[in-house]
Amino acid sequence: MDKLLDGVLKVIAVIDRIVRVLIVANMSVFVAVLIAEVILRYIFSYSMSWSSELASYLFVWTVFLAAGVGFKTGDHMAVSILVDRLPEKANRVFNFCIHLVVLAFVVWVAKQGYFLVPRLFNQTSPALRISMFYAYLSVPAGCSLMAMYMLELIIREDIRQED
């Protein structure tokens, strides 16, 4: 069982590195496009019709990718005033239940997204003229990553009880 869990954690670590590179790349392109748009608009009185749309799609993708990383790093907000007062065993049980509820929710959203997104393949964006499939795919892809990171959290904190 430990070798299987170690293998799962190694795969998650590789995916995590890829996701972090994608986040940096998305934000870099996002910032570059917006800086270029500002310079072109205010210095040359020219505007790229597609820049704000591309920036919006990159931002949405970055948010959904980074939300998963937030699960891994524990950066999401939590109100823990009551949980912190529980005995350690009750605290672990409560956190495990919360982890399962969150996992079930993000898996459900991902499933619904993967069902809905293919229906949008023929719809195109106004400025970029790309399929809206790529924009909306961020939701199920991001929720799948959140599920993966939540599974890692369950393995580390609830099954192995690492802190």
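So, a few notes on the structure that sits alongside this text. (Residues numbered from 1 in each chain as written. Predicted model: local features only at pLDDT ≥ 70, side-chain atom pairs only at ≥ 80, totals over all residues. Heavy atoms only, no water.)

### Quick notes on the overall build of the protein
For the protein, the count of helices and strands is five helices and zero strands. If you list the helices and strands of the protein from N to C, you get α-α-α-α-α. Rg of the C-alpha trace for the protein: 20 Å, well past the compact-globule value of 15 Å for 163 residues, more than 25% over. Seen through its principal axes, the protein has C-alpha atoms that stretch 65 × 35 × 30 Å. Residues counted as buried form 33% of the 163 residues belonging to the protein. Considering only contacts in the protein between residues 6 or more positions apart, those separated by 24 or more positions represent 72%. Carbon and sulfur atoms make up 70% of the accessible area of the protein, which totals about 10600 Å². Here the protein contributes 14 positively and 13 negatively charged side chains, and the mean placements of these two sets differ by 6 Å. (Helix = DSSP H or I, 4+ residues; strand = E, 2+ residues; numbered from the N terminus. Rg over C-alpha atoms; globule rule 2.2 N^0.38 Å. Buried < 20%, exposed > 50% of the residue type's maximum accessible area, 1.4 Å probe, protein only. Contact = heavy atoms within 4.5 Å. Areas by Shrake-Rupley, 256 points an atom, 1.4 Å probe, with all protein chains shown as cover. Lys, Arg positive; Asp, Glu negative; His and termini not counted. Charge placed at Lys NZ, Arg CZ, Asp CG, Glu CD.)

### A word on the packing of aromatic side chains
The tally for this structure, following the rule as stated, stands at five aromatic pairs. Through a chain of ring-to-ring contacts, the aromatic side chains of Phe121, Phe133 and Tyr134 assemble into a single cluster. (Phe/Tyr/Trp six-rings, centres within 6.5 Å; stacked < 30°, edge-to-face > 60°.)

### Considering helix H2 (residues 51-73)
Taking 1.5 Å as the rise per residue, H2 with 23 residues should run 33 Å; its terminal C-alpha atoms sit 32 Å apart, in good agreement. When H2 is considered as a whole, its buried residues turn out to be Ser51, Glu53, Ala55, Tyr57, Leu58, Thr62, Leu65, Ala67, Gly68, Val69, Gly70 and Phe71. Summarising the contacts, the buried residues of H2 are in contact with helix H1 (2-43), helix H3 (88-116), helix H4 (132-136) and helix H5 (138-159). Glycine 74 sits one or two residues past H2 and shows a positive phi near 75°. (Expected span 1.5 Å × (residues − 1).)

### Quick look at the pattern of salt bridges
Counted according to the given criterion, the structure contains five salt bridges. Here glutamate 37 makes a salt bridge to arginine 41, at a shortest N to O gap of 2.9 Å. Of this pair, glutamate 37 and arginine 41 both sit in helix H1, four residues apart, which is roughly one turn of that helix. On the basis of relative accessibility, which here comes to 6%, the residue glutamate 37 falls in the buried class. Among the residues examined, arginine 41 registers a relative accessible area of 41% and is labelled partly exposed. Residues arginine 156 and glutamate 152 are paired through a salt bridge, measuring 3.2 Å at the closest nitrogen-oxygen approach. Of the two residues, arginine 156 and glutamate 152 both sit in helix H5, four residues apart, roughly one turn of that helix. The structure contains a network of salt bridges with shared partners spanning Lys72, Glu152 and Arg156. (Salt bridge = Lys/Arg side-chain N within 4 Å of Asp/Glu carboxyl O.)

### A short note on unusual backbone geometry
In this structure, serine 45 takes a positive phi of about 55° despite not being glycine. Following the sequence through the fold, serine 45 ends up in the loop between H1 and H2. Look at arginine 129: it is not a glycine, yet its phi comes out positive at around 60°.

### Some points on the packing of H2 against H5
Across the interface, H2 lies against H5 with an axial gap of 8 Å and an inter-helix angle of 10°. The pairing of H2 with H5 is recorded here as roughly parallel in orientation. Across from Val60, Trp61, Phe64, Leu65, Ala67, Gly68, Val69, Phe71 and Lys72 in H2, the residues of H5 making contact are Ser138, Val139, Ala141, Gly142, Leu145, Met146, Tyr149, Met150, Glu152 and Leu153. Residue composition of the contact of H2 with H5, by class: 14 nonpolar, three polar and two charged. (Axes fitted to C-alpha atoms, helices over the stretch in contact; angles between N-to-C directions. Parallel < 35°, antiparallel > 145°, perpendicular 65-115°, else oblique. Nonpolar A, V, L, I, M, F, W, Y, C, P; charged D, E, K, R; others polar.)

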